[in-house]
Amino acid sequence: MTFRSLSRARPMLAAALLATTGGCAPAAVPATGGTTAVIAADALMAHVSVLAADSMEGRLIGTPGNARARAYLVREFAGAGLQALGTGGRFELPVHVRSGRDSAVRTAINVVGMIRGRVNPDRYMVVTAHYDHLGIRNGEIYNGADDNASGTAALIEMARWFAANPPAHSLIFAAFDGEEGGLLGSRGFVASPPPPVPAAAMVLNVNLDMVGRNTNGELYAAGTSHYAFLRPYLDSVSARAPVTLRLGHDDPGGPRADDWTTQSDHASFHRAGIPFVYFGVEDHPDYHRPTDDTERLMPDFHAGAITTILDAIRVFDRNLTIIATHRP
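Residues numbered from 1 in each chain as written. Predicted model: local features only at pLDDT ≥ 70, side-chain atom pairs only at ≥ 80, totals over all residues. Heavy atoms only, no water.

S.K.: What am I meant to see in helix H2 (residues 41-51) here?
M.R.: Turn by turn, an α-helix covers 3.6 residues, leaving residues three or four places apart pointing in a common direction. Listed in full, the buried residues belonging to H2 are Ala 41, Leu 44, Met 45, His 47, Val 48 and Leu 51. One face of H2 carries all of its buried residues, which in axial projection span an arc of 160°. Contacts made by the buried residues of H2 are with strand S2 (38-39), helix H3 (64-80), helix H4 (145-164) and helix H8 (299-318). (Buried < 20%, exposed > 50% of the residue type's maximum accessible area, 1.4 Å probe, protein only. Helix = DSSP H or I, 4+ residues; strand = E, 2+ residues; numbered from the N terminus. Arc of directions from axis to C-beta. Contact = heavy atoms within 4.5 Å.)

Okay, here's the thing in structure tokens:
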């Protein structure tokens, strides 16, 4: 996640962390029509342990560690059964974007795959998470386990589930590069989508960024202050979620001044008039620090959060034709 104020970070209680990191039991989505979804904590943590390993050197855009993480994602996307959208059947989609920091044109390499919808394949929901992080600073590796190996791992496991249980509408799974440098990968993707996917056919963005730990068991969904028509769908998910799903962090005039509307890759879709829901947790003491390591995640919470998000995607998929009528 791009830099945001640490003023809302909550002190982490060691006892709570130990209590929530011991188990790796699967978390199940209550049936909402169709097969009950199950996302296993151990599967998610296996991906995080690779992506947030020291060998990935913090996954900074343009570095060998970033390339190693990308190679892992390519293998996993292929193994999950996704259809590659790049030239020659490649999952890697380079985009060239002018950086807002120094005006230099930079190349971000996204990893993108698709599952074609069984009913309306020409209407798309885009599920996203950034895989880059901050690299090495002053000799310390910023592994970014929560930010955002947690969300990237979820892409893989959700893609695997939907490949086995095809959605009604097409789902694009995009692991974006260069988020920490100014949303580079998502900006390039929205400006120039893969040829089979016209921008006008992208109905909704579901973005995941920091979804691996919260001592209060809270997951936030931001976006309904801008797109109020999405609230009833999220309310239905909240009622049966295995974690506490809260709406907020998207209204600059509301009781919480920390507005997340521009804080991650969903901002690129929002600026293009594409509705979004952003799932994430409030900052913790390891946010943007070299201590954001795999062992700090809470596997049961992580699995519950991804289970909740998967349920939301299923609800959105069943209602995407209606949601499309609200797009500007």
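S.K.: How should I be thinking about the packing of aromatic side chains in this particular structure?
M.R.: Both the distance between ring centres and the angle between the ring planes are used here to describe each pair of aromatic rings. Scanning the entire structure with this criterion turns up 10 aromatic pairs. When the ring of Tyr 233 is compared with that of Phe 316, the centres are 6.2 Å apart and the planes differ by 85°; the resulting orientation is edge-to-face. Pair noted here: Tyr 233 is in helix H6 (residues 231-238) and Phe 316 is in helix H8, with a separation of 83 residues, a long-range link. For Tyr 233, a relative accessible area of 15% corresponds to the buried category. Residue classification places Phe 316 among the buried positions, given a relative accessible area of 1%. Residue placement shows Arg 137 over the ring face of Tyr 142; its charged tip is 5.7 Å from the ring centre. (Phe/Tyr/Trp six-rings, centres within 6.5 Å; stacked < 30°, edge-to-face > 60°. Lys NZ or Arg CZ within 6 Å of the ring centre and 35° of its normal.)

S.K.: Please clarify how the nonpolar core should be interpreted in this entry.
M.R.: Nonpolar side chains in soluble globular proteins generally cluster together in the buried interior. Residues Met 158, Phe 173, Leu 208, Leu 219, Phe 279, Ile 309 and Phe 316 are the most contacted members of the largest nonpolar core, which totals 75 residues. Counting residues in each nonpolar core, the second largest holds 16 residues, with Phe 176, Phe 189, Val 197 and Met 202 among its members. (Core = buried A, V, L, I, M, F, W, Y, C linked by side-chain atoms within 4.5 Å.)

S.K.: It is not clear to me how the environment of Arg 314 should be interpreted in this structure. Could you clarify?
M.R.: By the secondary structure assignment, Arg 314 is in helix H8. Residue class for Arg 314 comes out buried when judged on its relative accessible area of 6%. Taking the C-alpha atoms as reference, Arg 314 lies 7.6 Å from Pro 167; in sequence the two are 147 residues apart.

S.K.: Please explain the pairing of strand S13 (residues 276-280) as it appears in this structure.
M.R.: Where a strand is regular, its side chains alternate between the two sheet faces. By the criterion of burial, S13 is predominantly enclosed, with five of the five residues buried. Pairing analysis gives four bridges linking strand S10 (residues 202-208) to S13, with the strands arranged parallel. Looking across to S13, one finds that Val 206 is bridged to Val 277. Two strands pair when backbone bridges link them, and strand S11 (residues 218-222) and S13 are joined in this way by three bridges, in the antiparallel orientation. Bridged to Ala 222 within S13 is Tyr 278. (Pairing = 2+ DSSP bridges.)

S.K.: Help me understand the confidence of the model for the protein in this model?
M.R.: Caution applies to low-pLDDT regions: their predicted coordinates should not be interpreted in detail. On average, residues of the protein score 89 in pLDDT, and 88% of them reach the 70 mark or higher. The model gives residues 4-35 a pLDDT under 50, and that stretch makes 81 contacts with residues more than four places away or in other chains. (pLDDT = per-residue confidence, 0-100.)

S.K.: Quick question: what am I supposed to make of H3 here?
M.R.: Under the 1.5 Å per step criterion, the end-to-end length of H3 is 24 Å for 17 residues, consistent within 8% with the ideal 24 Å. Looking at H3, one finds that the buried residues are Gly 65, Asn 66, Ala 69, Arg 70, Tyr 72, Leu 73, Glu 76, Phe 77 and Ala 80. Buried residues of H3 fall within an arc of 160° about the axis and therefore sit on the same side. Residues of H3 that are exposed and point more than 90 degrees away from the buried face comprise Pro 64, Arg 75 and Gly 79. Looking at the packing, one finds that the buried side of H3 touches H2, strand S4 (92-98), strand S5 (105-115), H4 and strand S9 (169-176). Two residues or fewer after H3 comes Gly 81, characterised by a positive phi angle close to 95°. (Expected span 1.5 Å × (residues − 1).)

S.K.: Which parts of the structure should I look at to understand the packing of H2 against H3?
M.R.: For any two helices packed against each other, the geometry comes down to the angle between their axes and how far apart the axes lie. Across the interface, H2 lies against H3 with an axial gap of 10 Å and an inter-helix angle of 150°. Taken as axis vectors, H2 and H3 run roughly antiparallel relative to one another. Touching Ala 46, His 47, Val 50 and Leu 51 of H2 are Ala 69, Tyr 72, Leu 73 and Glu 76, all from H3. (Axes fitted to C-alpha atoms, helices over the stretch in contact; angles between N-to-C directions. Parallel < 35°, antiparallel > 145°, perpendicular 65-115°, else oblique.)

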